[in-house]
Amino acid sequence: MLAQDPGAPPVGLTVFPEAILGNLLSGDAIGIDGRWCNVERCTSVNEWVSVKTADYCPNAEGFSDVPIFLARRIEDVEEGSADE
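To keep things clear, this report deals only with the structure shown in the data block. Everything quoted here is computed from the prediction, not taken from an experiment.

Quick word on the pairing of strand β2 (residues 29–32)
Here β2 shows no split at all, with A29 and G31 on one side and I30 and I32 on the other all buried. Bridging between β2 and strand β3 (residues 35–45) involves 4 bridges; their strand directions are antiparallel. Bridging from a neighbouring strand, I30 pairs with C37 of β3. Following β2, the chain reverses through 2 residues before pairing antiparallel with β3; D33 in that reversal takes a positive phi of roughly 55°. One ladder, built from 2 bridges, connects β2 with strand β6 (residues 67–73); its direction is antiparallel.

Now the structure itself:
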């Protein structure tokens, strides 16, 4: 179930509201069955997305426009800024 809220994201990750399956990248976390699962690999063919998760989580599949809970690591944009 991709619609079940997994709660607070893992440490260091930020939740992206209104995300869809087509936004998912390797290294992200996706909410499946009410828990956060690490994404090892995702592929898309003709708007159908297949997601391979870590061994302890189920894999997922669906159309790219399916709403999901997505968490991603956000790099500090101020580090190495050319404005300094």
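Having seen it, we continue.
Section: the state of the cysteines
In total, this model carries 1 disulfide according to the counting rule given. Here C37 connects covalently by a disulfide to C57, the sulfurs 2.2 Å from one another. On the sign convention where negative is left-handed, the bridge of C37 and C57, at about -85° about the S-S bond, is left-handed. Taken together, the residues span a long stretch of sequence, with C37 in strand β3 and C57 in the loop between β4 (48–53) and β5 (60–63) at a distance of 20 residues. A residue is classified by how much of its surface remains accessible, and C37, at 0% relative accessible area, is buried.

Description of the packing of aromatic side chains
For the structure shown, the criterion picks out 1 aromatic pair. Lying over the aromatic face of F16, R72 brings its terminal NZ or CZ to 5.3 Å of the ring centre.

Thoughts on the side chain of R72
Along the chain, R72 falls in strand β6. At a separation of 2.8 Å, a polar atom in the side chain of R72 contacts the side chain of D28. Excluding residues that lie within four positions of it along the chain, R72 makes contacts with L13, T14, F16, N23, L24, L25 and D28.

About the cut-offs
- Residues numbered from 1 in each chain as written.
- Predicted model: local features only at pLDDT ≥ 70, side-chain atom pairs only at ≥ 80, totals over all residues.
- Heavy atoms only, no water.
- Buried < 20%, exposed > 50% of the residue type's maximum accessible area, 1.4 Å probe, protein only.
- Helix = DSSP H or I, 4+ residues; strand = E, 2+ residues; numbered from the N terminus.
- Pairing = 2+ DSSP bridges.
- Disulfide = S-S within 2.5 Å.
- Phe/Tyr/Trp six-rings, centres within 6.5 Å; stacked < 30°, edge-to-face > 60°.
- Lys NZ or Arg CZ within 6 Å of the ring centre and 35° of its normal.
- Polar contact = N/O pair within 3.5 Å; in protein donor to acceptor, adjacent residues only side chain to side chain.
- Contact = heavy atoms within 4.5 Å.

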